[in-house]
Amino acid sequence: MDTYIFDKLKNEPIIAYLSMEIALSPEIPTYSGGLGVLAGDTVRSAADLSLPFVAITLISRKGYLNQKISPEGWQIEQPVEWDVEKVLTPLPVQVEVEIEKRKVRVGAWVYPWESARGTIVPVIFLDTNIPQNAPEDRSITDVLYGGDSRYRLKQEIVLGIGGSRILKALDLEVRKYHINEGHAALVALELLQGSKNWDIEAVKDLCVFTTHTPVEAGHDKFPYDLVKEVLGEPIPLSLLQQLGGKEHLNMTLLALNLSGYINGVAKKHREISRHMFPGYDIHSITNGVHSFTWTSPSFQALFDRYIPGWAQEPELLARADIISDQEIWTAHQKEKAQLIQLIREKNNIEMDEEILTLGFARRMTAYKRPHFIFTDIERLKRINQEGKLQIIFAGKAHPQDFEGKRLIQQIIQHSQKLSPEIKIAFLENYNLEIAKKIVAGVDVWVNTPMRPLEASGTSGMKAAHNGVINFSVLDGWWVEGCLEGITGWSIGPESEEGNPQEIFQKEMSDFYGKLEYVIIPTYYRHREQWIKLMKNSISKIASYFNAHRMMESYISEAYFHKPFPPLSNSSIAKYKKD
Ligand SMILES: *Cc1c(COP(=O)(O)O)cnc(C)c1O
């Protein structure tokens, strides 16, 4: 194997996109959730848009985890097997990084992501499983988000420093390094270390940073003792502390201080980030999903007929109004039937195509409140007598997230208790494949995060591409996406100010109240009105919350943008003359 796929990228400087996880396809299980799927959609849109773009991630030979659920409802994690040699192509380059004062060799594999047009974005997978490495170093790139903080820091050295060196070994000139979340921040340190006289401004000129975490506790932080042992002292400690924090090396802070363009992933997330990090000029580029990937086959066929060109220009989906009601409904029912079939096979539960179906699927962790629906079980049962309900859940908990596992167990216990009145299915092993089926096959997509912890969220955008209606807490992207009663419905107050108890009461009364008095009556008795909302989801949400629009913003604001020069006297004079 030579490096021919990189040849085309040698005419102009590239965008190098570094991300701990990238969800490309079900056969490459190196992702855990939304961050990885967003990175995958970024690659897909970059290829569609013919961007000079290379993505870099870790090979995660043992993946994240395969999820089984025990009869007691407890998550069991199984190792993931995947055939690296079959799926990826080795690259004839190797670099060295220093970890715990040892030389560690880093190899690389490539997956050439090819768009429908034939344009390619190479995705590079970094790998320390090389015979010359010490056994403990060979496992550095094994498990995504596995191990302790020492293991994590080693992985981040491979990603940031190893990634940058691999690009150099491939002889690629880089226009911007896009640091996707703090995990990849060490690329900026590597650039600083390689610059003349620690030239911070030169590094900032090269780095774009996207932050995804609206809580302080979510940011990677490493004690300096550990940093010294594992990373050494690539730049003087005092300078590192100035850039990355006095007490700990905070990867978010390091990236903030070394990036010339910084953004949050929704407008609201930008405001939260500005409060968390006063003094930084933080912009916002709201996330989007790759339209073609997340549109189910039935809707693809429909859009192809009514809105040709929609996959290349998803903004055309604004015209979804022209699609006939009957065809929208038929396409939806077809996807719903397939999901019901999947649940019959996997869970041995018989659901009904004519029953209003709610969906909730994402990483299972406390702040997402997957159990919110069960806050008032008696009310849920009463509502179910007004109009029948069925509910589909899916999601993995991180192996060390005991609370997340307990929530899965709660959902399963509730579903056993509520059966057969309300049928509830928990689909095992949430992944790209299952996500595609659930976001297209339910009627209503529910999201109930604890605010302001959902930086953006993207699964609701996927649902909207399939005419599935969102019903969610006003956090992340939904603050921008929700037009009450037009694109979907909100849960809880707009403002976050106020007594948490009162906010929770309002969330409950909205959830159960709108379900009973708005959603059920519309679904069962005003089908035309319902289909109008389905079409609005496509025309008013999918047309904007897609990855093409997102990438066009990155292109114009972050990748190719040069700050406007200040107006000189002569240019002011020129404006006056005009
Ligand atoms: C889209 C997606 C997510 C993200 O879901 P959110 O509701 O935005 O958190 C997580 N996992 C998979 C497999 C996905 O496809």
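Up top is the structure.
### With respect to the overall build of the protein chain
Argument step 1. Within the protein chain, the regular secondary structure consists of 22 helices and 19 strands.
Argument step 2. For a compact globule of 578 residues, the expected C-alpha radius of gyration is about 25 Å, and the protein chain comes in at 24 Å, within 12% of that figure.
Argument step 3. Summarising its shape, the C-alpha atoms of the protein chain cover approximately 70 × 70 × 50 Å along the three principal directions.
Argument step 4. With 578 residues in all, the protein chain has 60% of them scored as buried.
Argument step 5. Within the protein chain, contacts between residues at least 6 apart in sequence are counted, and of these 72% link residues at least 24 apart.

### Here's the deal with the site of the ligand
Argument step 1. Not every one of the 13 residues close to the ligand is listed here, only the nearest: Arg362, Lys368, Thr458, Ser459 and Lys462.
Argument step 2. The separation between an oxygen atom of the ligand and a polar side-chain atom of Arg362 is 2.8 Å.
Argument step 3. Protein burial of the ligand: of its 390 Å² of free accessible surface, 96% is covered by the chains.
Argument step 4. At the level of secondary structure, the elements contributing two or more residues to the shell around the ligand comprise helix H1 (34-48) and helix H17 (459-465).
Argument step 5. Along the lines of polarity and charge, the residues of the shell around the ligand split into four nonpolar, six polar and three charged.

### Digging into the sheet that holds strand S13 (residues 282-284)
Argument step 1. Reading across the sheet, the nine strands line up as S5-S6-S7-S2-S1-S8-S9-S12-S13 and stay open at both edges, with mixed pairing between neighbours. Single-partner strands in this sheet number two, and they are strand S5 (89-99) and S13. Each neighbouring strand pair of the sheet contributes to a mean axis angle of 25°, computed without reference to strand direction.
Argument step 2. Judged from the four bridges that link them, strand S2 (residues 53-58) and strand S7 (residues 120-127) form a sheet pairing that is parallel. The residue of S7 that forms the bridge with Thr57 is Phe125.
Argument step 3. Against the sheet, helix H4 (residues 149-169) makes contact with strand S1 (14-18), S2, S5, strand S6 (102-114), S7 and strand S8 (174-180), and its axis sits at roughly 125° relative to S5, the strand it touches most.
Argument step 4. Along the sheet face, helix H10 (residues 267-276) touches strand S12 (261-264) and S13 and points at about 170° away from the line of S13.

### As for the environment of Pro234
Argument step 1. Relative to the helices and strands, Pro234 resides in the loop between helix H7 (224-230) and helix H8 (237-244).
Argument step 2. Remark: the alpha-carbon pair of Pro234 and Glu190, spanning 44 residues in sequence, is separated by 7.9 Å.
Argument step 3. If we ignore the near neighbours within four places in the chain, the residues touching Pro234 are Leu189, Gln193 and Trp198.

### Description of unusual backbone geometry
Argument step 1. In this model, Ser419 is joined to Pro420 through a cis peptide bond whose omega is 5°.
Argument step 2. Tracing the backbone through its elements, the reader meets Pro420 in the loop between helix H15 (402-418) and strand S16 (423-427).
Argument step 3. Between Arg451 and Pro452 the backbone carries a cis peptide bond, its omega angle lying at 0°.
Argument step 4. If you check the backbone angles, Lys101 has positive phi at about 65° while not being a glycine.
Argument step 5. Take Lys101: it is sitting in the loop between S5 and S6.
Argument step 6. Of note in the backbone geometry, Trp198 takes a positive phi value of approximately 45° without being a glycine.
Argument step 7. Considering the arrangement of structural elements, one finds Trp198 in the loop between helix H5 (186-194) and helix H6 (200-206).
Argument step 8. Trp198 sits in the partly exposed class, given a relative accessible area of 37%.

### Things to note about helix H19 (residues 500-525)
Argument step 1. Its 26 residues place the ends of H19 35 Å apart at the C-alpha level, agreeing with the 38 Å of an ideal helix rising 1.5 Å per residue.
Argument step 2. Leu515 marks the point of greatest bend in H19, at about 45°.

### A closer look at H15
Argument step 1. For H15, built from 17 residues, the straight-helix expectation of 24 Å at 1.5 Å per residue is met to within 8% by its first-to-last C-alpha distance of 24 Å.
Argument step 2. Among all positions of H15, only Gly404, Lys405, Leu407, Ile408, Gln409, Ile411, Ile412, His414, Ser415 and Leu418 are buried.
Argument step 3. Tucked into the core, H15 has its buried residues touching strand S3 (66-69), strand S4 (75-78), helix H14 (377-386), strand S15 (389-394) and S16.

Rules of the game
One numbering rule holds for all chains: residues counted from 1, following each sequence as written. Totals for whole chains, interfaces and linings use every residue, but because this is a predicted model, local features are given only for residues with pLDDT of at least 70 and side-chain atom pairs only at 80 or more, for both listing and counting. Calculated side-chain values reflect all of the structure's heavy atoms, with hydrogen atoms and water omitted. Numbering goes from the N terminus for both helices and strands, where a helix is a DSSP run of H or I of at least four residues and a strand is a run of E of at least two. This radius of gyration counts C-alpha atoms alone. The globule rule is 2.2 Å times how many residues there are, raised to the power 0.38. Exposure classes here rest on a 1.4 Å probe applied to the protein chains alone. A residue is buried below 20% of its type maximum, exposed above 50%, and partly exposed in between. Whether two residues touch is decided by their heavy atoms; if any such pair falls within 4.5 Å, the residues are in contact. For each residue, the test is whether any non-hydrogen atom lies within 4 Å of the molecule or strand; if one does, the residue is near. For the purposes of these results, a polar contact is taken to be a pair of N or O atoms within 3.5 Å, where, inside protein, one atom must be able to donate a hydrogen and its partner to accept one; residues adjacent in sequence count only when each atom of the pair is a side-chain atom. For every accessible area listed, the method is Shrake-Rupley and the probe measures 1.4 Å; residues are considered covered only by the protein chains on display. For this classification, Asp, Glu, Lys and Arg are treated as charged, while Ala, Val, Leu, Ile, Met, Phe, Trp, Tyr, Cys and Pro are nonpolar and the rest, including Gly, are polar. Between any two strands, at least two bridges found by DSSP are needed for them to pair. Every angle, taken between N-to-C directions, lies between 0 and 180 degrees, and every axis is a line fitted to C-alpha atoms, over only the stretch in contact when it is a helix. How far a helix is expected to stretch is found by multiplying one less than its residue total by 1.5 Å. Note on bend: at a given residue it equals the angle between the axes fitted to the 7 residues ending there and to the 7 starting there.

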